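Listed below are the residues making up each chain.
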Amino acid sequence: MKQVLFINTHIGSGSDYLYQSLDDYSRIQGYSGNFIYENAESLLNLTLLPHKCRNNGAIYLDRILYNHTIKSRDVYKIPDHIFMVREPEGTLGEIGDLMGWDSAARYYRLRLRRLVSIAKSARHGIFIDYRELQEGSGWNRISDHLQLKSFSIPKIVELNKVDVPYALIVECRNTYEWCTYAMKSLGFSEGKSRFGSIA
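Read on for a plain summary of the structure. (Residues numbered from 1 in each chain as written. Predicted model: local features only at pLDDT ≥ 70, side-chain atom pairs only at ≥ 80, totals over all residues. Heavy atoms only, no water.)

This part covers the overall build of the chain. A tally of helices and strands in the chain yields 7 helices and 5 strands. Ordered by position from N to C terminus, the α and β elements of the chain give β-α-β-α-β-β-α-α-β-α-α-α. The C-alpha radius of gyration computed for the chain amounts to 16 Å, which stays within 12% of the reference 16 Å derived for 199 residues, consistent with globular compactness. Across its three principal axes, the chain shows a C-alpha extent of roughly 50 × 35 × 30 Å. Burial status across the chain gives 54% buried among its 199 residues. For the chain, long-range pairs separated by at least 24 residues make up 82% of all intrachain contacts whose partners lie at least 6 apart in sequence. Accessible surface, the chain as shown: approximately 9700 Å² in total, 48% of it carbon and sulfur. The chain carries 25 positive and 22 negative side-chain charges, and their two centres are separated by 7 Å. (Helix = DSSP H or I, 4+ residues; strand = E, 2+ residues; numbered from the N terminus. Rg over C-alpha atoms; globule rule 2.2 N^0.38 Å. Buried < 20%, exposed > 50% of the residue type's maximum accessible area, 1.4 Å probe, protein only. Contact = heavy atoms within 4.5 Å. Areas by Shrake-Rupley, 256 points an atom, 1.4 Å probe, with all protein chains shown as cover. Lys, Arg positive; Asp, Glu negative; His and termini not counted. Charge placed at Lys NZ, Arg CZ, Asp CG, Glu CD.)

Now the structure itself:
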């Protein structure tokens, strides 16, 4: 029984910390950004890769940052998902210079909308906000959801704050608050079951 875990998130969410911490865990093997998932069968390509754990507890991890990475709704139902978002001020402060302010805001809004679309079809998962990782409670929730022991918690280093255009913050905050409310309404704040399996 092969298990797949997706970190469904966006660029600038702070998910680097989460991905690295999970990848360091003995039962989890990360392969971030290596696949396009055309259909449910394409998940097999991930689970055929080498894994450091050779028993039924092995978990294959991928981090999904772009809407085009998953092309079929059938894929949504199988993995366990960690849905992770960050408020727009911190996100745009990190990616605005890289992508341009307008492009960064558009990417952020469209990505959060897709996360909710995925969550509506997903059967397994948990919703985490970046500030929960900053405060520490998010690590415990993830550990409990995935039933991990001796979970390493990295030190989060805050970057210098960048002034983000106010109009973009307002526009993106509406999407952020809608996404957060939707995730809670769908039951992902408390976590929804654990892991489907791939033969």
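Structure's up, so let's keep going.
This part takes up the sheet that holds strand 4 (residues 80–85). Within the open sheet, the 5 strands sit side by side as 2-3-1-4-5. Their pairing is parallel. The sheet is open, and its two edges are formed by strand 2 (28–30) and strand 5 (125–129), each paired on a single side. Each neighbouring strand pair of the sheet contributes to a mean axis angle of 20°, computed without reference to strand direction. The pairing of strand 2 with strand 3 (residues 59–64) spans 3 bridges and is classified as parallel. (Pairing = 2+ DSSP bridges. Axes fitted to C-alpha atoms, helices over the stretch in contact; angles between N-to-C directions.)

Take Arg86: it is sitting in the loop between strand 4 and helix 3 (88–99). For Arg86, a relative accessible area of 5% corresponds to the buried category. A polar contact is formed between the side chain of Arg86 and the backbone oxygen of Gly12, at a distance of 3.1 Å. In contact with Arg86, not counting residues within four places along its chain, are His10, Gly12, Ser13, Gly14, Thr91, Glu94, Tyr108, Tyr130, Glu158 and Tyr176. (Polar contact = N/O pair within 3.5 Å; in protein donor to acceptor, adjacent residues only side chain to side chain.)

This part covers the pairing of strand 3. Burial within strand 3 is extensive, with 6 of its 6 residues counted as buried. Of the two faces of strand 3, the one carrying Ile59, Leu61 and Arg63 and the one carrying Tyr60, Asp62 and Ile64 are both buried. In this structure, strand 1 (residues 3–8) lies alongside strand 3, joined through 6 bridges in parallel fashion. The residue of strand 3 that forms the bridge with Val4 is Tyr60.

Once that is clear, we can look at unusual backbone geometry. Glycine aside, negative phi is the norm for most residues, and most peptide bonds take the trans geometry. Positive phi, normally seen in glycine, also occurs at Gln147, with a value near 60°. Here Gln147 shows up in the loop between helix 6 (137–146) and helix 7 (166–185). Relative accessible area serves as the criterion here: at 52%, Gln147 is assigned to the exposed category.

Attention now goes to the nonpolar core. With 38 residues, the main nonpolar core has Phe6, Tyr37, Leu46, Phe83 and Met183 as its most contacted residues. Counting residues per element, the ones that place at least two in this core are strand 1, helix 2 (43–47), strand 3, strand 4, helix 3, helix 4 (101–121) and helix 7. Broken down by element, the residue count for this core peaks at 9 residues, all from helix 4. Among the nonpolar cores identified, the runner-up in size contains 21 residues, and Tyr25, Ile128, Ile142 and Phe151 belong to it. (Core = buried A, V, L, I, M, F, W, Y, C linked by side-chain atoms within 4.5 Å.)

Across all of its chains, the model carries 4 aromatic pairs by this definition. Taking 5.0 Å as the distance between ring centres and 50° as the angle between the ring planes, the aromatic pair formed by Phe6 and Tyr37 counts as tilted. With Phe6 in strand 1 and Tyr37 in the loop between strand 2 and helix 2, the pair connects residues that are 31 residues apart, well separated along the chain. For the pair Phe6 and Tyr37, one class covers both residues: buried. By way of ring pairs, the aromatic residues Phe6, Phe35 and Tyr37 are connected into one cluster. Over the ring of Tyr19 we find Arg63, and its NZ or CZ is 5.4 Å from the ring centre. Between Arg86 and the ring centre of Tyr130, over which it is positioned, the NZ or CZ distance is 4.2 Å. (Phe/Tyr/Trp six-rings, centres within 6.5 Å; stacked < 30°, edge-to-face > 60°. Lys NZ or Arg CZ within 6 Å of the ring centre and 35° of its normal.)

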